[in-house]
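Understanding the architecture of this molecule
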Amino acid sequence: MLRSVAKSASAKQLLRRSYSTESVPDRKVAVLGAAGGIGQPLALLMKLNPLVSRLALYDIANTPGVAADVS
């Protein structure tokens, strides 16, 4: 009985995911190490990506230049 409940719940969730009222779902992206040699160009590419709705940049070094480049 538990399997049938799990199957029906997963099937309902699958059907619910395939039909959406939004055209593009929200994509939240976090770049860790955004001041590094790979993180900075990656952050710039993520900013240009139309699928990314929110971009968060994190690094242990406090470098305001990365935030200025992306803004």
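Residues numbered from 1 in each chain as written. Predicted model: local features only at pLDDT ≥ 70, side-chain atom pairs only at ≥ 80, totals over all residues. Heavy atoms only, no water.

**Quick word on the overall build of the chain**
Helix and strand counts for the chain stand at three helices and two strands. Starting at the N terminus, the α and β elements of the chain follow one another as α-β-α-β-α. Taken over 71 residues, the chain has a buried fraction of 10%. Looking at the chain alone, contacts between residues at least 24 apart form 65% of all its contacts between residues at least 6 apart. (Helix = DSSP H or I, 4+ residues; strand = E, 2+ residues; numbered from the N terminus. Buried < 20%, exposed > 50% of the residue type's maximum accessible area, 1.4 Å probe, protein only. Contact = heavy atoms within 4.5 Å.)

**Looking at the confidence of the model for the chain**
Taken over all residues, the pLDDT of the chain has a mean of 77, while the share at 70 or more is 68%. Element-level mean pLDDT values for the chain span from 54 in helix α1 (residues 2–18) up to 94 in strand β1 (residues 28–32). (pLDDT = per-residue confidence, 0-100.)

**Brief notes about the pairing of β1**
Bridging between β1 and strand β2 (residues 54–58) involves five bridges; their strand directions are parallel. Pairing of Val29 across the sheet is with Leu55, part of β2. In terms of handedness, the path from β1 via helix α2 (residues 39–48) over to β2 forms a crossover that is right-handed. (Pairing = 2+ DSSP bridges. Right-handed = clockwise from strand over helix to strand, strands pointing away.)

**Overview of the environment of Ala67**
As for its position among the elements, Ala67 is in helix α3 (residues 64–70). Under the relative-accessibility criterion, Ala67 is labelled partly exposed at 45%. Each C-alpha atom of the pair Ala67 and Ala34 lies 9.0 Å from the other, and the pair is 33 residues apart in sequence.

**Some details on the environment of Leu57**
Examined against the element boundaries, Leu57 turns out to sit in strand β2. Take Leu57: its relative accessible area is 29%, and that puts it in the partly exposed class. For the pair Leu57 and Gly39, spaced 18 residues apart in sequence, the C-alpha separation works out to 8.8 Å.

**Structural notes on the environment of Pro50**
Mapping Pro50 onto the fold places it in the loop between α2 and β2. Residues Pro50 and Arg27, spaced 23 residues apart in sequence, show a C-alpha to C-alpha distance of 9.6 Å.

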